[in-house]
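# Analysis of the macromolecular model
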Amino acid sequence: MSKIGKMPKECEEYMTPMERITGLLTRKKLDRVPCFPFVSAAAAQIRRLNYGEYATNPDLFLRCQIEAQQLIGYDGITAMPDLCVEAQGFGAKIIYPPDNAAYPDPYNPIIKSPNDYKNIGRLFDWSHADRMNNQIKVIKTIKEELPDLMIGGMTIGPLGLISRLRNVNELVRDFAHHKDKLHDAQEIITDIQIEYIEKQIESGARTIMVPVVLAERELMSKEMWLELDMPYQKKIADFVRKKRAFYMVHTCGRGPYFDLLIEHLRPVLIQNAFLPDGVKTEQEMVEKYGKKLIFLGFLSVSLLAWANPHEVIKECKRELEVFGKSPAGYILGASCEYPPYAPLYNAMAIVKAARTYGKNFQTGMGANYENEGGG
Amino acid sequence: MSKKEILYKLKQSVLNFDEKTAVKAAKEAIDAGIDPLEAIKDGLYPGLKEIADQYEQTYYITDMILASDAFYAGTNILKSKIAPEKVKAISKGIAVLGVVKGDVHDLGKNMVKYLFEAEGFEIIDLGFDVPAEKFVEEAEKNNANLILISVMLSSMFPEIGKIVKLAKGRNLQAKGVKIMAGGGPVTENISFQQGADGWALTAPLAVKKALDLLN
């Protein structure tokens, strides 16, 4: 293992996390680079809870999120315990294993045949959407208790949700054989998700992160994404902007279509686990897309899970050198959710690296869609 | 219709994701006296191979699934006319395949299954949420040449190591059984850190890697 040698002195922080991230988004000079390790389920470690306890008890979830942030010192929280929050609102039976993230019962999908798509609106009711209501309360409480923190909301998007209500193998076949029914369902779901986003923003979420994971070479062609997913994702993106919150995109598959995401969704920031489609190096990613939007990442989950803090700091330093000068801006962080089982000292190492190698951070110009026209 | 035309029709049925034509052409092949194995090998399989070779360039997951549906529609008709001993005789190997415990994402696993079967492997499909012990027990019971581990959740990476450890405990690797791991977040590095013999980025590449490992 190579050592990083004597580290420079850490910076004196004079900005709050909120000032730091809004400063980045609005082109101000920062005390240090903002950081976001995306500690979600891993926060359960703070109270030695298993994931099941953490995901089903909103009070414990809340306390873990607050305590993890206070212990580690990162700049933002995205309040979502797993990707099944919305599926529960549609009546999916959610399984909460003690040692892993929650998932919908794979043997009993809510949508059993394409004919069930038309009834999807009837499945949802705010009165039994306990997990969505809990998340809204969590955002509100974090906002009250930690007013200086950047709190993010989230939705998994219409097709993301359908993939939790329908067997995915069958859903893929529906992409080809039952497009019309799928479009009808997505129309209904999008409106519900917009209502959910509105409630999150009203409760204090300043950013909305949406995993747009189908816009990836690994999953579908550009043409298919434009036809099946884009119109609904765009509706969500436009709504977030209308509510004056920051719209952010997460992708975690191979070859995300940055060109399409930029053209149609116009995110202020993107968090990606793999290089964009058509891009071969990190440098090329910065050159090709760095003027358009802010990057968040690019620390791999395997590094966070298996490396030691020295190695994490060394990689942070390297990434700051590559992405730190990206024209629109950069947030140092994980490329996907911090692995639930990864030691939290590696999240601390990210913050240490930000304070050490990202001090007096010359922020970028912010996302730039001035030449794109429209909103 | 000539033999060449029927084989071409079989191939096109896969390329066009057309299950009905695949069934029709498979029946025509049987009626025309074409060896069912040849109809699979030189008719249906080249269609699927063409799609696999252009995976993530011209064709994507949806195409692979739909093409596989057509491939199986034709293969099921043809296979009913092949003696099981003959299928065994031309088998390229036996592979135990599953998604690790705690993980229910089986789309990638199914793609691997389709392509390995099309290539001529006998697949023991264990499904998803499979305990490590089950992979090893089934590999031993079926004299498998390969253990194929699919993982979609990064939290489940340690399951790969668990399977490798159990396989080592039963001397499976020493007996020539190769272990491969793959899936969305699994990198080559992770796969080797966990002790696997092989890794591939995509399902089509996994077939090539498996053939390399076994040769």
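About the cut-offs
Residues numbered from 1 in each chain as written. Chains lettered and ligands numbered in written order. Predicted model: local features only at pLDDT ≥ 70, side-chain atom pairs only at ≥ 80, totals over all residues. Helix = DSSP H or I, 4+ residues; strand = E, 2+ residues; numbered from the N terminus. Rg over C-alpha atoms; globule rule 2.2 N^0.38 Å. Buried ≥ 20, exposed ≤ 12 C-beta atoms within 10 Å, placed from the backbone. Pairing = 2+ DSSP bridges. Contact = placed C-beta atoms within 7 Å. Axes fitted to C-alpha atoms, helices over the stretch in contact; angles between N-to-C directions. Domains from an automatic or database assignment. Nonpolar A, V, L, I, M, F, W, Y, C, P; charged D, E, K, R; others polar. Right-handed = clockwise from strand over helix to strand, strands pointing away. pLDDT = per-residue confidence, 0-100. Expected span 1.5 Å × (residues − 1). Core = buried A, V, L, I, M, F, W, Y, C linked by C-beta atoms within 7 Å.

## Structural notes on the overall build of chain A
Assigned secondary structure in chain A consists of 16 helices and 10 strands. For 375 residues, the compact-globule formula gives about 21 Å, and the C-alpha radius of gyration of chain A, at 20 Å, lands near that figure. Structurally, chain A occupies a C-alpha span of about 65 × 45 × 40 Å along its principal axes. In chain A, which comprises 375 residues, the share counted as buried stands at 54%.

## Some thoughts on the sheet that holds strand E2 (residues 121-125) of chain B
Strand pairing in a sheet relies on backbone hydrogen bonds. The paired strands run either parallel or antiparallel. Residue and element names in this part refer to chain B. Reading across from one edge, E2-E1-E3-E4-E5 is the order of the 5 strands in this open sheet, with parallel pairing throughout. Strands with a single pairing partner mark the edges of an open sheet, and in this sheet they are E2 and strand E5 (198-199). Looking at chain direction, strand E4 (residues 178-182) and E5 are connected through 2 bridges and run parallel. Considered in E5, the bridge of alanine 181 is made with tryptophan 199. Along the sheet face, helix H10 (residues 203-214) touches strand E1 (93-99), strand E3 (146-150), E4 and E5 and points at about 160 degrees away from the line of E4.

## Description of the domain arrangement of chain B
All names here are of chain B. Looking at the assigned domains, one finds that chain B contains domain 1 (3-86) and domain 2 (91-214). For domain 1 versus domain 2, the distance between C-alpha centres works out to 26 Å. Between domain 1 and domain 2, the contact holds 10 residues from the first and 7 residues from the second. If you list the elements that add at least two residues to the side of domain 1 that touches domain 2, you get helix H3 (36-53) and helix H4 (61-79). Across the side of domain 1 that touches domain 2, the residue classes break down as 7 nonpolar, 1 polar and 2 charged.

## Some thoughts on the pairing of strand E9 (residues 294-299) of chain A
Residue and element names in this part refer to chain A. Of all 6 residues that make up E9, 6 are buried, and the element is covered over most of its length. Of the crossover connections in this fold, the one passing from strand E8 (residues 269-272) over helix H13 (residues 282-289) to the parallel E9 is right-handed. Sheet topology note: the E9/strand E10 (residues 330-334) ladder contains 5 bridges and is parallel. Residue pairing for E10: phenylalanine 295 is matched across the bridge by tyrosine 330.

## What to know about the confidence of the model for chain B
Summing up the model confidence of chain B, the mean pLDDT is 94 and the portion of residues at 70 or higher is 100%. Both scores are available for the predicted complex, with the pTM at 0.92 and the ipTM at 0.89.

## Digging into the environment of Val210(A)
Relative to the assigned elements, Val210(A) resides in strand E6 (residues 207-211). Val210(A) sits 38 residues away from Met248(A) along the chain, and the two C-alpha atoms are 6.3 Å apart.

## Re helix H9 (residues 179-203) of chain A
Residue and element names in this part refer to chain A. With 25 residues, H9 ought to run about 36 Å at 1.5 Å a step, and its terminal C-alpha atoms sit 35 Å apart, in line with that. Along H9, the positions that sit buried rather than exposed are Leu182, Ala185, Gln186, Ile189, Thr190, Ile192, Gln193, Tyr196, Ile197, Gln200 and Ser203. Taken from the residues just after H9, glycine 204 is the one with a positive phi, measuring 130 degrees.

## Here's the deal with the interface of chain B and chain A
Across the contact, 22 residues belong to chain B and 27 residues belong to chain A. Listing elements by their share of the side of chain B that touches chain A, those giving two or more residues are H4, helix H6 (107-119) and helix H9 (188-193) of chain B. Sort the elements by how many residues they give to the side of chain B that touches chain A and H4(B) lands first, with 4 residues. The residue inventory of the side of chain B that touches chain A, partitioned by class, reads 12 nonpolar, 9 polar and 1 charged.

## A closer look at the nonpolar core
Grouped together as the largest cluster of nonpolar side chains are 206 residues, with contacts concentrated most on Ile294(A), Ile350(A), Ile147(B), Ile149(B) and Met180(B). Counting residues per element, this core draws most heavily on H4(B), which supplies 9 residues. Two domains each donate at least three residues to this core, and these are domain 1 (3-86) and domain 2 (91-214) of chain B. Dropping the residues within four chain positions of it, Met180(B) is found in contact with Leu146(B), Leu148(B), Ile149(B), Ala196(B), Asp197(B), Gly198(B), Trp199(B), Ala200(B), Ala206(B), Lys209(B) and Ala210(B).

## A look at unusual backbone geometry
With omega at 10 degrees, the peptide bond leading from Gly297(A) into Phe298(A) counts as cis. Position of Phe298(A) relative to the elements: it lies in strand E9. Positive phi, close to 50 degrees, is recorded for Asn143(B), a residue that is not glycine. At Asn171(B), a residue that is not glycine, the phi angle is positive and equals roughly 65 degrees. For Asn171(B), the location among the structural elements is in the loop between helix H8 (158-169) and E4.

## Quick notes on the environment of Pro158(A)
Residues and elements named next belong to chain A. Along the chain, proline 158 falls in helix H7 (residues 158-162). On the basis of neighbour counts, which here come to 28 C-beta atoms within 10 Å, the residue proline 158 falls in the buried class. Sequence separation between proline 158 and aspartate 229 is 71 residues; the distance between their C-alpha atoms is 7.9 Å. When residues no more than four places from it in sequence are discounted, the contact partners of proline 158 are Gln186, Ile189, Thr190, Gln193 and Tyr232.

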